[in-house]
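Spelled out, the chains give:
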Amino acid sequence: MKRLWFALFAASLLGACGTVATPASSTPRTAGELLGAPTSLQVSGRSVRADAAPVLAGDTFRVRVKVQASRAPLPPLTVTGVYVVTEDGVWRAGRTRSGEAGCAAQSCVQGTGEGAASGLRAGDGVQVVVSLKDAGGRTMWLRDPQASIK
């Protein structure tokens with residue numbers, strides 16, 4: 001009986017080794033990692049979603065992302081990165097700004113990513129992913145699953 005108990009205990013420990021969470025990279029490396037980002041997050045008891053508006057203006061590509069909570073107040077969040085997954089790969093903003101301008105009091109935060117257009121075309125369907133940092137310094141990822149470049 002002791003041998004059976006020990007064997008079960010050892011098997012559970014070995015099985016757990018494969019499921020231990022490893023720290024996620026602060027910068028995703030592939031489109032697959034970005035597409036794995038959730039489309040909503042639970043932060044401080046509120047559901048948080050992203051709404052993206054990608055715009056092509058000549059050789060410049062800008063993506064405005066509004067991150068909103070299901071109800072105010074939005075927990076303190078900062079947009080730290082903007083990524084766009086296209087059929088050709090991943091576009092990463094060269095510059096990212098975060099702020100609350102254009103948001104109702106404590107209901108959202110906006111981030112804007114900007115960079116070179118690099119072959120992007122108006123009308124293309126894309127998925128936009130933002131990296132967010134909370135007040136504790138934790139990085140989270142949030143994805144708007146459907147946007148079109150205007």
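What comes next is a walk through the structure. (Residues numbered from 1 in each chain as written. Predicted model: local features only at pLDDT ≥ 70, side-chain atom pairs only at ≥ 80, totals over all residues. Heavy atoms only, no water.)

**Section: the pattern of salt bridges**
A side chain with one charge can pair with a side chain of the opposite charge if their charged atoms come near.
Okay, step 1: This structure, assessed with the given rule, holds six salt bridges.
Okay, step 2: Taking the shortest distance from any N to any O, the salt bridge between Glu87 and Arg121 comes out at 3.8 Å. Residue Glu87 is located in the loop between strand S4 (77-86) and strand S5 (89-92), and its partner Arg121 is located in the loop between strand S7 (108-116) and strand S8 (125-134); the two are separated by 34 residues in the primary sequence.
Okay, step 3: Here Glu114 and Arg95 are joined by a salt bridge, their closest N and O atoms 2.4 Å apart. A residue pair is termed long-range when its members are at least 10 positions apart, and Glu114 in strand S7 and Arg95 in strand S6 (residues 95-99) qualify at 19 residues.
Okay, step 4: For Glu114, a relative accessible area of 11% puts it in the buried group. (Salt bridge = Lys/Arg side-chain N within 4 Å of Asp/Glu carboxyl O. Helix = DSSP H or I, 4+ residues; strand = E, 2+ residues; numbered from the N terminus. Buried < 20%, exposed > 50% of the residue type's maximum accessible area, 1.4 Å probe, protein only.)

**What to know about the sheet that holds S4**
What links the strands of a sheet is backbone hydrogen bonding, and the strands pair in either a parallel or an antiparallel sense.
Okay, step 1: Reading across the sheet, the four strands line up as S5-S4-S8-S9 and stay open at both edges, with antiparallel pairing between neighbours. Every other strand in the sheet has two partners, leaving S5 and strand S9 (139-148) as the edge strands with one partner each. When strand polarity is set aside, the average angle formed by the axes of neighbouring strands in this sheet is 25°.
Okay, step 2: Strand direction decides the pairing type here: S8 and S9, joined by eight bridges, are antiparallel. (Pairing = 2+ DSSP bridges. Axes fitted to C-alpha atoms, helices over the stretch in contact; angles between N-to-C directions.)

**A short note on unusual backbone geometry**
Okay, step 1: A cis geometry characterises the amide bond from Ala72 onward to Pro73, with omega recorded as 0°.
Okay, step 2: One non-glycine residue with positive phi stands out, namely Ser44, at about 50°.
Okay, step 3: As for its placement among the helices and strands, Ser44 is situated in the loop between strand S1 (41-43) and strand S2 (46-57).
Okay, step 4: The exposure class of Ser44 is exposed, given its relative accessible area of 56%.
Okay, step 5: Phi at Ser118 takes a positive value of approximately 45°, unusual for a residue other than glycine.
Okay, step 6: Along the chain, the position of Ser118 falls in the loop between S7 and S8.
Okay, step 7: Note on Ser118: relative accessible area 61%, which makes it exposed.

The values are spatial; any link to function lies outside them.
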